[in-house]
Amino acid sequence: MTVTTLNYHLKGNAKKRIAFETDLQQKLHLSSLQFSGYATIFSLLNGLYGGLVFIGILISIALGITTTIVIYLKQISEGYADKQRFTTMQEVGLSEHETTKSIHSQVLMVFMLPIIGAIINLGFAFPAIKQIMTQLNFYNLTLMVAIAVIITVALLLLYLVIYGLTTRTYHQIIDK
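Rules and cut-offs
Residues numbered from 1 in each chain as written. Predicted model: local features only at pLDDT ≥ 70, side-chain atom pairs only at ≥ 80, totals over all residues. Heavy atoms only, no water. Salt bridge = Lys/Arg side-chain N within 4 Å of Asp/Glu carboxyl O. Helix = DSSP H or I, 4+ residues; strand = E, 2+ residues; numbered from the N terminus. Buried < 20%, exposed > 50% of the residue type's maximum accessible area, 1.4 Å probe, protein only. Core = buried A, V, L, I, M, F, W, Y, C linked by side-chain atoms within 4.5 Å.

Novice: I'm lost on the pattern of salt bridges in this one. Help?
Specialist: Note that side chains of opposite charge can pair when their charged atoms are close. One pass over the structure, following the stated rule, counts two salt bridges. The partner of Glu78 in a salt bridge is Lys74, and the shortest N-O contact between them spans 2.9 Å. Of the two residues, Glu78 and Lys74 are both situated in helix 2 (residues 38–91); the distance of four residues between them amounts to about one turn of the helix. Under the relative-accessibility criterion, Lys74 is labelled partly exposed at 44%. Note that Arg85 is salt-bridged to Asp82, the shortest N-O span being 3.4 Å. You can see Arg85 and its partner Asp82 sitting in helix 2, three residues apart, about one turn around the helix.

Novice: When you look at the nonpolar core in this model, what are you seeing that I'm missing?
Specialist: Among soluble globular proteins, nonpolar side chains are generally buried collectively. The biggest cluster of nonpolar side chains holds 12 residues, and these are Ile71, Phe86, Ile103, Val107, Phe111, Met112, Ile115, Tyr159, Ile162, Tyr163, Tyr170 and Ile174. Breaking this core down by element, the ones donating at least two residues are helix 2, helix 3 (96–135) and helix 4 (141–175).

Here is the structure:
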């Protein structure tokens, strides 16, 4: 098999460069396996990477929302189950401050365990992520670390907002 390379630099936008490469391929009567230009390959890889990023973001958002809703509903159902116990403990002397402290610690533990688990998981998965990104010729350690930190902080903020809502609702259930 013979491989011939031509180095050329084209001016103009991506559509014009792709159109030129397509015309050149047709005039030389070559198939896509025999001829491919930089602009065409760049466009195809951009589409591939964009699709992978979109699917990854979509799956991540779906799993994040699902996890948050499951934890929220679990805590609310536990609030209804604990209502009688808190009522009994308040009748024997449990103060409002101690009730609030108990609710916060219980809900905080349930919400923070997944965050801690996710951070530990990210730490162990980082070498595999780095290897996958290297295979796709898309490796930048600084960018990867920055994105991991930003996503972790965003997830933590989302969980803290849901934690606040859950704690408030849990407290309302207990006080009824």
